[in-house]
Amino acid sequence: MPPRPPWQALTVAGTYAVAGLLWIVGSDALLAYAAPAEWLPTLQALKGMAFILATAGLLYVLLRRLARYQAEVSEQVREKAALRGRQEAFESLAEHAPDLIARFDRGLRYTYVNPRVSEAAGRPRADFLGRTHAELGYEPALVALWDNHLEQARDQGEMQQLTFRMSGSSGRQRFYEARLVPEGGEAGGPAESVLAITRDLTELQESQQRVEQLSVLYAALSAANQMIMRAADRYELFESVCRILTDQSGLEMAWIGLIEPQTQWVAPRAWAGGERAERYLERCRVSADPRRPEGQGPVGRALQAEATVVFDDFLGAPEAVPWQGAARELGYSAVAACPLQAGGEVIGALAVYAGRTDFFSDEVVRLIEELAGDVGYALDRFELEERTRYLAAHDLVTGLPNRAQMLDRLEQALTRWRRFGGRLAVLFLDLDRFKGVNDAFGHEVGDQLLQEVAQRLLGVTREMDTVCRQGGDEFLLLLPEIDSAEDAAQVAEKVVAALASPFCLAGTELVVTPSIGISLCPEDGVEADTLVRNADTAMYSAKHGGRNRYCFFTEPMNRRVQQRLEMESGLRDAERRGELELGYQPQVDIASGAVVGVEALVRWRHPRHGLISPANFIPVAEESGQIARIGDWVLAEACRQCAAWRETALAGLPVAVNLSAAQLGRSDLAEGILRHLEAYGLPSSALQLEMTEGLFFHETEPVRSTLQSLQRSGLQLVVDDFGTGYSNLGYLKRFPVAKLKIDESFVRGLPEDTEDVVISSTLIRMAHGLRLRVIAEGVETAEQLAFLREHGCDEAQGFYFSRPLAGADLARWAQRR
Ligand SMILES: Nc1nc2c(ncn2[C@@H]2O[C@H](COP(=O)(O)O[C@H]3[C@@H](O)[C@H](n4cnc5c(=O)[nH]c(N)nc54)O[C@@H]3COP(=O)(O)O)[C@@H](O)[C@H]2O)c(=O)[nH]1
């Protein structure tokens with residue numbers, strides 16, 4: 001209540017004085033007029049008493065009011081002092097508080113900010129006072145968030161809470177939590193002002209994130225450690241570690257590269273991080289050589305320094321320019337590279353990439369280093385295990401696999417053989433008179449000799465073969481994939497030849513020869529022990545047979561192989577010696593009975609073995625690489641004979657010549673055929689080229705281009721053995737096929753065999769459906785011919801008409817018809 005001015009007191013006192021005087025004068029006059037004189041003293045005494053009572057009552061009321069007023073005033077003074085005290089306490093607290101404290105009036109304008117607000121915002125305190133968030137120019141989203149919460153606190157009188165991010169004065173985004181406390185006003189009603197207490201949680205949040213990141217990394221480390229114990233080899237280990245790092249620790253990519261000792265390039269051996277990782281590694285090369293720019297990145301530096309290198313801002317590091325294009329595109333912002341050590345040497349590096357800068361805190365780096373250390377430990381373990389395994393599986397003198405490993409590989413080869421069939425061979429080799437070398441020159445020279453023998457054996461075998469030293473002067477050779485016994489014989493011959501030249505050791509020339517026994521699977525056994533034992537037995541036969549030779553386990557096999565090899569060498573100049581000749585078999589039009597063509601079939605008239613069928617020697621010629629030469633002779637001879645028939649009944653008839661696959665692979669085939677035709681003045685229609693269906697199906701590029709050049713030369717093709725192999729007939733459209741020849745095997749059973757009936761009649765229909773002529777071979781009986789005629793077959797060939805005859809004989813045969 002405000003103090004009353006002095007004139008007011010004067011007015012009250014004056015009024016009281018006037019009223020009192022008027023009362024005294026007036027009441028006396030009234031008594032003098034109205035009351036008897038004898039009552040006057042009494043009445044005046046009563047009147048005086050009444051006046052005193054009335055003024056005493058008034059005084060009492062006034063004094064009471066004065067006392068109350070004084071009490072109220074002193075209460076207000078106390079409250080004010082308390083308020084001032086609180087205000088001072090608040091401001092002193094707020095001024096030194098670590099939180100950001102501000103007060104807003106009902107219009108949401110700042111009325112107070114503490115120094116932390118000004119520091120955080122990077123503007124003076126005065127800027128804030130009397131202004132709203134919008135007037136201070138904050139982002140619209142932030143203004144809306146704040147004003148919304150301030151209004152709620154003000155209007156509902158209830159505390160509000162909000163979190164927000166804002167760039168601090170340093171420009172870095174910070175994370176805050178604010179509490180808005182309504183002040184003044186009725187409880188539960190609108191507030192007079194709102195106090196905002198804001199806490200900067202950036203550090204807290206970051207440390208929480210760091211704790212989470214570390215616990216995730218610990219989990220990844222422990223998973224990687226388990227994998228390190230389980231991994232079977234270093235590549236499984238590398239892949240697992242990279243995968244665990246990217247799957248479980250928030251890294252974008254991880255790769256492990258090993259230094260290539262010759263070039264110092266770091267070749268990635270394992271990586272994880274999806275397609276992005278692959279693209280990055282495809283684009284980026286890394287070197288351990290400090291002179292190269294590619295050796296200046298994190299991995300190169302880590303390898304050179306033999307310590308972890310971190311590029312926390314990979315995209316901003318000037319040394320990382322060669323990799324930055326790819327890293328920016330693929331989202332890698334920070335990199336750490338740790339060297340990997342094995343056997344005390346740096347052999348490569350583990351590199352990990354994060355999607356944000358400042359990922360690699362000291363703790364994270366420590367964990368990654370620990371992991372790299374564990375990988376190095378595992379590599380040492382593998383090395384030791386590999387060494388132990390190596391020792392268990394190898395012969396220490398020659399470095400070749402030992403008997404145990406050989407038997408293991410033999411078992412594997414036998415397992416494959418059981419599934420897929422085929423053939424394999426074991427060669428048991430014993431060095432003749434090796435003991436003499438040891439006795440004469442000592443064991444050291446003996447060991448050197450064994451080492452050189454091992455090298456020569458490796459030189460004559462294929463990668464898939466196994467050469468093993470089984471002990472002493474004995475070696476075993478496993479040939480897991482051979483086509484025939486001859487293949488094994490050829491390897492044995494190569495071994496004999498390889499060991500034939502002397503070994504220069506101990507200043508002298510040493511000669512050792514081998515005795516080799518050969519066993520074959522399945523002929524000589526289907527178990528490893530049996531095959532080795534039988535090869536051993538065969539080796540003794542070779543020794544008893546005079547040493548420096550090979551011997552098969554069974555005598556018939558020895559004979560067969562000898563014959564085959566003899567045939568191979570006999571064929572080498574059979575045509576030069578005039579031992580090859582052609583037989584010609586007529587091809588007859590079934591409807592008219594006219595001879596419409598001739599097939600040329602080669603024979604070998606051997607000086608000792610007589611006439612040899614092409615069925616026997618053509619495969620040998622094919623396998624020994626002689627078919628192209630022999631085939632060329634056949635083509636030339638067929639052309640010569642065709643020209644010779646000019647004046648006979650066979651004039652103008654095409655001669656069909658068989659071609660082998662190897663001939664079709666030659667790019668000069670068409671050229672050679674045209675040269676022979678030209679030499680005898682024949683048109684290209686004088687020759688037809690027979691080839692089996694399978695040749696069209698294994699249309700390799702050389703075969704395709706040969707077929708195309710034959711097509712361009714106007715030569716016609718005949719598909720031999722039609723129906724025996726394949727079902728896709730697309731090739732018939734692409735190449736100039738004139739005729740399809742039904743295989744003799746489908747004709748043999750005609751007309752009784754129902755399968756042959758169905759097959760041959762279907763093939764005839766199929767050929768006609770394709771608008772091609774069809775010829776049946778192997779026709780021996782009138783019944784077969786009748787069936788073929790009935791089913792519309794165009795031509796026939798077979799003993800029914802004539803066996804293959806010499807050129808002059810066939811001309812006479814044709815003349816007679
Ligand atoms: N790459 C080359 N292959 C050739 C060549 N010459 C022949 N050959 C192929 O050798 C296989 C065997 O030929 P051959 O022993 O001459 O047998 C042919 C005919 O004599 C035989 N034939 C003919 N009529 C009958 C018959 O009525 N009954 C019967 N049992 N056999 C008969 O059929 C063979 C014809 O074969 P084909 O080529 O399928 O027409 C053989 O595969 C020849 O292809 C050559 O120069 N190069």
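The shown structure was predicted, so the numbers you read here are calculated from the model rather than taken from an experiment.

1. Quick word on the overall build of the protein
Step number 1: Looking only at helices and strands, one finds 28 helices and 26 strands in the protein.
Step number 2: When contacts within the protein are restricted to residue pairs at least 6 apart in sequence, long-range pairs at least 24 apart make up 59% of them.
Step number 3: Taken as a whole, the protein presents about 41600 Å² of accessible surface, with 54% of it coming from carbon and sulfur.

2. Side note on unusual backbone geometry
Step number 1: The omega torsion across Cys521 and Pro522 is 15 degrees, close enough to zero to call that bond cis.
Step number 2: Mapped onto the elements of the fold, Pro522 is located in the loop between β16 (513–521) and α16 (528–544).
Step number 3: Look at the link from Leu750 to Pro751: it is a cis peptide, with omega at 0 degrees.
Step number 4: Relative to the assigned elements, Pro751 resides in the loop between α25 (744–747) and α26 (754–769).

3. A word on the packing of aromatic side chains
Step number 1: Considering all chains together, one arrives at 17 aromatic pairs under this definition.
Step number 2: Summarising the aromatic geometry, the rings of Tyr235 and Phe238 are spaced 5.8 Å apart at their centres and angled 85 degrees between planes, so their arrangement reads as edge-to-face. With a gap of three residues between them, Tyr235 and Phe238 both fall in helix α7 (residues 234–248), about one helical turn apart.
Step number 3: Between Trp604 and Phe617 the ring centres are 5.8 Å apart and the planes differ by 80 degrees, which places this aromatic pair in the edge-to-face class. Taken together, the residues span a long stretch of sequence, with Trp604 in strand β19 (residues 595–606) and Phe617 in helix α18 (residues 614–623) at a distance of 13 residues. Of the two residues, Trp604 and Phe617, neither departs from the other in class, the shared state being buried.
Step number 4: Chaining the aromatic ring pairs together yields one cluster made of Phe104, Tyr110, Phe128, Trp146, Phe164 and Tyr176.
Step number 5: Taking NZ or CZ as reference, Arg123 lies 5.9 Å from the ring centre of Phe128, over its face.
Step number 6: For the cation-ring pair, Arg456 lies above Phe503, with the distance from its terminal atom to the ring centre recorded as 3.7 Å.

4. Quick notes on the site of the ligand
Step number 1: The immediate surroundings of the ligand are formed by 24 residues, with Gln585, Arg603, Glu777, Glu780 and Phe799 found nearest.
Step number 2: Within the side chain of Glu777, a nitrogen or oxygen atom sits 2.5 Å from an oxygen atom of the ligand.
Step number 3: Contact distances for the ligand include 2.6 Å between a nitrogen atom and a side-chain N or O atom of Glu780.
Step number 4: Coverage of the ligand by the protein amounts to 80% of the 810 Å² it exposes when considered alone.
Step number 5: Among the elements of the structure, β19, α18 and β23 (716–722) are those that each provide at least two residues to the shell around the ligand.
Step number 6: Top contributing element to the shell around the ligand by residue count: β19, with four residues.

5. What to know about the UniProt feature "transmembrane region" (unreviewed entry) in the protein
Step number 1: The positions UniProt marks with the feature "transmembrane region" (unreviewed entry) are residues 7–25 and 45–63.
Step number 2: For residues 45–63, the helix share is 100%, the strand share is 0%, and the end-to-end C-alpha distance is 26 Å.

6. Section: the packing of helix α8 (residues 274–283) against helix α10 (residues 321–330)
Step number 1: At a minimum axis separation of 10 Å, α8 and α10 run at an interaxial angle of 170 degrees. Between α8 and α10, the crossing angle belongs to the class labelled roughly antiparallel. Contacts between α8 and α10 involve Arg276, Arg279, Tyr280 and Arg283 from the former and Trp323, Gly325, Ala326, Ala327, Glu329 and Leu330 from the latter.
Step number 2: Of the residues in the contact of α8 with α10, the class split is five nonpolar, one polar and four charged.

7. Let's talk about the pattern of salt bridges
Pairing between side chains becomes possible if they bear opposite charge and their charged atoms approach one another.
Step number 1: Taken as a whole, this structure holds 42 salt bridges when the rule is applied.
Step number 2: In this structure, the salt-bridge partner of Lys741 is Glu690, at a minimum N-O distance of 2.8 Å. Residue Lys741 is located in strand β24 (residues 737–742), and its partner Glu690 is located in strand β22 (residues 687–692); the two are separated by 51 residues in the primary sequence.
Step number 3: Assessed through its relative accessible area of 0%, Lys741 is described here as buried.
Step number 4: On the basis of relative accessibility, which here comes to 1%, the residue Glu690 falls in the buried class.

8. Examining the sheet that holds strand β3 (residues 160–167)
Step number 1: Strand order in the open sheet formed by five strands is β2-β1-β5-β4-β3, and the pairing between neighbours is antiparallel. At either end of the open sheet lies a strand with only one pairing partner, and these are β2 (110–113) and β3. Between one strand axis and the next, the sheet turns by 25 degrees as a mean value, whatever way the strands run.
Step number 2: As judged from the three bridges shared by strand β1 (residues 100–104) and β2, these two strands associate in the antiparallel manner. Across the sheet, the residue bridging to Ala102 is Val113, located in β2.
Step number 3: Set on the sheet, helix α5 (residues 140–156) makes contact with β1, β3, β4 (173–183) and β5 (193–200); between it and β3 the angle comes to about 160 degrees.
Step number 4: Here helix α6 (residues 202–230) sits on the sheet in contact with β3, β4 and β5, set at roughly 130 degrees to β4.

9. Section: the confidence of the model for the protein
Step number 1: Within the protein, residue pLDDT values average 90, and 98% of them lie at 70 or more.
Step number 2: In the model output, the complex is listed with pTM 0.49 alongside ipTM 0.93.

10. Some details on the sheet that holds β16
Step number 1: Read across the sheet, five strands follow the order β12-β13-β11-β16-β17 without closing on themselves; strand pairing throughout is mixed. Every interior strand has two partners, whereas the edge strands, β12 (466–471) and β17 (549–552), have only one. Neighbour-to-neighbour, the strand axes of this sheet turn through a mean angle of 20 degrees, independent of strand direction.
Step number 2: In this structure, strand β11 (residues 424–432) lies alongside strand β13 (residues 474–479), joined through six bridges in antiparallel fashion. Residue pairing across strands places Asp430 opposite Glu474, the latter belonging to β13.
Step number 3: Along the sheet, α16 contacts β11, β13, β16 and β17; its crossing angle with β16, the most-contacted strand, is approximately 140 degrees.

11. Details of the side chain of Glu183
Step number 1: One can find Glu183 in strand β4.
Step number 2: Using a relative accessible area of 18% as the deciding quantity, one classes Glu183 as buried.
Step number 3: If we skip the residues at most four places from it in the chain, Glu183 touches Arg103, Ala191, Glu192, Ser193, Val194 and Leu195.

12. Structural notes on the nonpolar core
Within soluble globular proteins, side chains that are nonpolar generally end up buried alongside one another.
Step number 1: Counting residues in each nonpolar core, the largest one holds 77 residues, and the members touching the most others are Leu687 and Leu710.
Step number 2: At eight residues, helix α19 (residues 627–644) tops the list of elements feeding residues into this core.
Step number 3: Setting aside residues no more than four positions away along its own chain, Leu687 makes contact with Leu635, Ala638, Cys639, Val655, Val657, Ile673, Leu677, Leu715 and Gln716.

Definitions and limits used
Residues numbered from 1 in each chain as written. Predicted model: local features only at pLDDT ≥ 70, side-chain atom pairs only at ≥ 80, totals over all residues. Heavy atoms only, no water. Helix = DSSP H or I, 4+ residues; strand = E, 2+ residues; numbered from the N terminus. Contact = heavy atoms within 4.5 Å. Areas by Shrake-Rupley, 256 points an atom, 1.4 Å probe, with all protein chains shown as cover. Phe/Tyr/Trp six-rings, centres within 6.5 Å; stacked < 30°, edge-to-face > 60°. Buried < 20%, exposed > 50% of the residue type's maximum accessible area, 1.4 Å probe, protein only. Lys NZ or Arg CZ within 6 Å of the ring centre and 35° of its normal. Near = heavy atom within 4 Å. Polar contact = N/O pair within 3.5 Å; in protein donor to acceptor, adjacent residues only side chain to side chain. UniProt positions renumbered as here; feature names shortened; annotations may be inferred. Axes fitted to C-alpha atoms, helices over the stretch in contact; angles between N-to-C directions. Parallel < 35°, antiparallel > 145°, perpendicular 65-115°, else oblique. Nonpolar A, V, L, I, M, F, W, Y, C, P; charged D, E, K, R; others polar. Salt bridge = Lys/Arg side-chain N within 4 Å of Asp/Glu carboxyl O. Pairing = 2+ DSSP bridges. pLDDT = per-residue confidence, 0-100. Core = buried A, V, L, I, M, F, W, Y, C linked by side-chain atoms within 4.5 Å.

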